[in-house]
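Geometric and topological summary
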Amino acid sequence: MNLYFLISTPLADAYRLSIPPGCGDVVCYLRRGQNPTDEAAARLHRDGITVVFADDVADWKAAAAADAVGARFLKEWFVDAGTDFSDLGDLSLGWSYSMEFARQINPRLLIRTGEAFRRFVETHRGANAVYSDAEDGRHIFQVEPSYHPLARIVAHVGGHLGLSVRFIAPVNALPAAFRRPPMNRLLASVRTFIGGFRPAWWRARKAFERNRRRAPEKPVFYMFVGRAQHLIAEKLAERGNFHVVCDRLGIAGTDAVRSGHLFTLPRFRDIRVVFNLLRELEQRVATAAFDAGYVFGGVDYGRMLYRCILETLRWQVWPFLIVVAQTRKLQEVTGPSALFVNGAGNEPMGNLIAFNRHSGLPIYLMPHGMDLQKFAYFMPAVDNTHVTYLAYGKEHSDYFRAYLDETQETRQVLVGNPLTALMNGTRRRRVASRGKRLLVMSFGHLEFWNSARVYAVDQYYIEIFDVLRGLLEQGWTVGIRPHPSHPRDLENRLAAAFGLDRSIRWDDTPTFEEALGAYDVVVCSASTTFYQSLYAGWPTIFYEPDYRKIGGIEGIENDPMFTGLLTARDLKRPVTNDPGTLRRMILDSLDPESMVATFPRRFAGELAPRFIGPDPERADELIADFLERDILGLAQAPVVRAEKGAA
């Protein structure tokens with residue numbers, strides 16, 4: 001008996017492996033996309049080959065336990081006996097880089113993969129040989145090999161079990177759902193700095209300097225502008241109480257200055273800390289004692305994970321110190337009286353949140369979108385007691401808390417999100433239709449999700465494409481709109497498996513609000529577009545695969561990742577994880593009296609304060625009103641606040 005642990009090779013191509021499986025062998029595959037229609041598995045079974053699915057070997061409970069170890073590593077790798085050895089004084093590199101490590105290394109996924117392999121092998125003891133097509137850096141994510149070393153993890157677990165794993169090249173590898181291209185921060189920093197010499201940016205810098213000299217008494221409000229947030233900047237600039245400065249050109253009434261255009265070098269103290277940090281990581285990679293804290297399933301993952309951190313930082317930390325220095329200079333040059341950020345990772349926004357932890361400078365954080373999930377990772381944007389969080393709905397107050405002690409308060413203000421105001425024009429142009437034009441949104445960002453749900457991307461498309469086959473036969477037209485940062489390779493591969501690659505079209509309309517006009521009903525996953533589409537008036541259905549195999553809507557309502565409308569048990573709403581129900585809801589959109597067709601009107605009206613804000617049509621004005629009151633101390637009506645994380 002030989003064992004095969006296949007990460008990328010579709011089961012239909014198993015016989016094309018350099019050493020193919022034969023009668024009596026056992027094959028374990030990790031992704032649903034490797035066996036989209038179950039036909040390949042059935043063929044292998046007929047030939048006497050046992051096929052098992054990794055989710056049946058290590059279920060979602062095992063994945064959740066692995067996630068806990070991986071998440072703890074992201075929070076602790078830079079701490080020794082309570083001391084942060086990555087601390088620059090005004091910023092912790094470990095705290096700042098946690099988000100990037102979640103994206104590029106994803107310790108949770110590494111541990112979960114190792115555990116699935118361990119359980120598979122231990123369930124089938126006595127094998128003659130163990131084969132795997134695992135490759136470093138290439139799986140459901142595609143990143144630098146040294147950052148996400150899947151083959152080394154499999155070999156490491158095999159060594160723990162006393163086995164030598166034989167690696168074979170994958171055949172017709174299933175595409176990654178998300179690619180993180182190699183990050184050359186130094187080159188990016190140089191390009192950004194040179195970009196500051198472009199005439200438009202040079203003129204913008206001079207205009208800022210002139211305007212400061214003309215009105216030095218006017219408070220500077222610096223804004224990192226995210227989606228639709230230019231509407232807020234324009235409102236504030238028009239009112240004239242602030243000197244509004246943005247990180248983008250072309251926003252009416254504002255000046256523009258970017259940190260990346262400022263020349264400066266890191267502090268000697270920062271360089272010394274990084275040298276010490278890298279030496280500490282090298283010691284941890286070389287010392288067996290550092291395995292002990294990150295054991296799962298009896299396997300030590302500590303030194304493997306520390307090696308990933310070391311390899312990532314060796315390439316990226318030195319140019320990041322330039323970003324840190326430029327951020328400090330941005331605050332010095334602009335002299336802001338308040339800051340507005342739309343997120344916070346290891347970039348200027350996260351750096352500024354760190355620098356001003358005790359400065360008293362007002363900082364306002366508005367999410368880049370209207371997400372339906374909570375944070376599953378440690379990052380600079382959340383758990384800050386010195387930041388005012390601008391919430392878009394009463395039931396999204398938990399969006400801003402991840403690991404903060406319950407006794408500590410975060411200041412949260414319910415104001416809505418300008419993405420609703422951005423949809424006003426689309427909403428007014430909405431023409432009641434009962435046509436058969438369906439838009440399917442992609443599964444969206446994957447890199448931050450818990451490890452069990454990451455793999456559900458394949459299941460999402462497989463179940464939807466299966467539903468689409470029947471709809472296309474009934475005269476429906478279907479468009480697929482991919483996430484702008486994701487490749488289409490996976491979607492194309494799975495569509496072809498169902499014979500749909502020539503029946504559906506890719507929607508490349510520049511903006512989502514423009515795209516909506518060509519469709520009558522929308523299917524979404526965990527995306528801001530779910531709320532935008534409902535608010536604009538389109539019948540919109542949220543679909544989530546039942547990847548935990550719980551059965552029923554409880555699989556969504558009890559998912560620890562979800563929040564907002566998805567977990568609102570008191571409402572009948574267009575949310576499902578059942579393919580049959582999804583099909584029925586799509587067909588219900590043809591009936592103007594159905595729940596699916598009438599829910600958008602209710603969502604934009606009576607339910608708006610719960611999910612998208614107290615006045616979604618005027619969200620940009622409401623936000624501008626609050627910011628003026630809060631910064632300038634104007635005596636107006638009290639602000640609605642959420643205390644201790646409660647709406």
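Here the structure is shown first, and the text comes after it.
Residues numbered from 1 in each chain as written. Predicted model: local features only at pLDDT ≥ 70, side-chain atom pairs only at ≥ 80, totals over all residues. Heavy atoms only, no water.

Notes on helix α1 (residues 39–46)
Within α1, the full set of buried residues consists of A40, A41 and L44. What you see down the axis of α1 is that its buried residues fit within an arc of 100 degrees, all on one side. Pointing more than 90 degrees away from the buried face of α1 are the exposed residues E39 and R46. Buried positions along α1 lie against β3 (50–53). Just past α1, the residue G48 takes up positive phi, approximately 85 degrees. (Buried < 20%, exposed > 50% of the residue type's maximum accessible area, 1.4 Å probe, protein only. Helix = DSSP H or I, 4+ residues; strand = E, 2+ residues; numbered from the N terminus. Arc of directions from axis to C-beta. Contact = heavy atoms within 4.5 Å.)

Here's the deal with the nonpolar core
W77, L313, L438, F465, V523, F530 and Y531 are the most contacted members of the largest nonpolar core, which has 170 residues in total. The dominant element in this core, judged by the number of residues it contributes, is helix α11 (residues 302–334), at 13 residues. With residues near it in sequence (within four places) discarded, W77 still touches F85, G94, F101, L277, L281, R284, Y294, Y306, I309 and L313. Listed in part, the 23 residues of the second largest apolar core include F221, C246, I251 and A338. (Core = buried A, V, L, I, M, F, W, Y, C linked by side-chain atoms within 4.5 Å.)

Brief notes about the pairing of strand β22 (residues 521–524)
Neither face of β22 is left uncovered, since the one carrying V521 and V523 and the one carrying V522 and C524 both have all their residues buried. Examined bridge by bridge, strand β19 (residues 437–441) and β22 share 3 bridges and lie parallel to one another. Bridging across to β22, L438 finds its partner in V521. When β22 meets strand β23 (residues 540–543), the two strands line up parallel, connected through 3 bridges. From the neighbouring strand, V522 faces β23, where its bridge partner is T540. (Pairing = 2+ DSSP bridges.)

Observations regarding the packing of helix α3 (residues 60–76) against helix α5 (residues 107–123)
Contact pair α3 / α5: the axes reach a minimum separation of 8 Å and the direction vectors enclose 140 degrees. Between α3 and α5, the crossing angle belongs to the class labelled oblique. For the crossing formed where α3 meets α5, the hand is right-handed. Along the contact surface, α3 presents A62, A63, A66, D67, V69, G70, A71, F73 and L74, while α5 presents P107, R108, I111, R112 and R119. (Axes fitted to C-alpha atoms, helices over the stretch in contact; angles between N-to-C directions. Parallel < 35°, antiparallel > 145°, perpendicular 65-115°, else oblique. Left-handed = near helix turned anticlockwise from the far one by under 90°.)

Describing the pairing of strand β10 (residues 220–223)
By the alternation rule, side chains of β10 split into V220 and Y222 and F221 and M223, which are all buried. Sheet topology places β10 next to strand β11 (residues 243–246); 4 bridges connect them, and they run parallel. Each bridged residue has a counterpart across the sheet, and for V220 the counterpart in β11 is H243. Remark: the β10/helix α9 (residues 230–239)/β11 crossover connection has right-handed handedness. With 3 bridges joining them, β10 and strand β15 (residues 338–341) adopt parallel strand pairing. For Y222, the partnering residue across the bridge sits in β15 and is L339. (Right-handed = clockwise from strand over helix to strand, strands pointing away.)

What about the sheet that holds strand β20 (residues 477–481)?
The strand order across the open sheet built from 6 strands is β21-β20-β19-β22-β23-β24, with neighbouring strands paired in parallel fashion. The two strands at the open ends of the sheet, each matched to only one other strand, are β21 (505–506) and β24 (575–576). Sheet strands touched by helix α19 (residues 528–536): β19, β22, β23 and β24. Its angle to β23, the strand with the most contacts, is close to 160 degrees.

Comments concerning the packing of aromatic side chains
In the structure shown here, the tally under the stated rule is 30 aromatic pairs. For the ring pair F465 and F498, a centre distance of 6.5 Å and an interplane angle of 55 degrees mean the geometry is tilted. Of the two residues, F465 sits in helix α16 (residues 456–473) while F498 sits in the loop between α17 (489–497) and β21, which places them 33 residues apart along the sequence. Assigned by exposure class, F465 and F498 land together as buried. Following the ring pairs from residue to residue traces out a cluster consisting of F530, Y531, F542, F562, F599, F603 and F611. The lysine or arginine in question, R427, covers the ring of Y535, its NZ or CZ lying 4.6 Å from the ring centre. One Lys or Arg, R430, reaches over the ring of W538 and ends 4.5 Å from the middle of that ring. (Phe/Tyr/Trp six-rings, centres within 6.5 Å; stacked < 30°, edge-to-face > 60°. Lys NZ or Arg CZ within 6 Å of the ring centre and 35° of its normal.)

Focus: the sheet that holds strand β8 (residues 165–167)
Strand order in the open sheet formed by 5 strands is β3-β2-β1-β6-β8, with parallel pairing between adjacent strands. Strands at the two margins of the open sheet, each flanked by one partner only, are β3 and β8. The average angle at which neighbouring strand axes cross in this sheet is 25 degrees, direction not considered. Where strand β2 (residues 26–29) meets β3, 4 bridges bridge the pair, whose relative direction is parallel. In the strand pairing of β3, Y29 is matched with F53. Packed on one face of the sheet, helix α6 (residues 150–160) meets β1 (2–6), β6 (129–132) and β8 and runs near 155 degrees to β8.

Examining the pattern of salt bridges
A complete count under the given rule lists 40 salt bridges for this structure. Put simply, E100 and R103 hold a salt bridge, and the shortest N to O gap is 3.2 Å. Here E100 and its partner R103 are both found in helix α4 (residues 93–104), 3 residues apart, which amounts to about one turn of the helix. Just as E100 is buried, R103 falls in that class too. Of the charged contacts, one joins R119 and E115 as a salt bridge, the two residues approaching to 2.7 Å between their closest N and O atoms. Of this pair, R119 and E115 both sit in helix α5, 4 residues apart, which is roughly one turn of that helix. For R119, a relative accessible area of 29% gives the class partly exposed. E115 sits in the buried class, given a relative accessible area of 3%. Within this structure, E115, R118, R119, E122 and R125 form a network of salt bridges that share partners. (Salt bridge = Lys/Arg side-chain N within 4 Å of Asp/Glu carboxyl O.)

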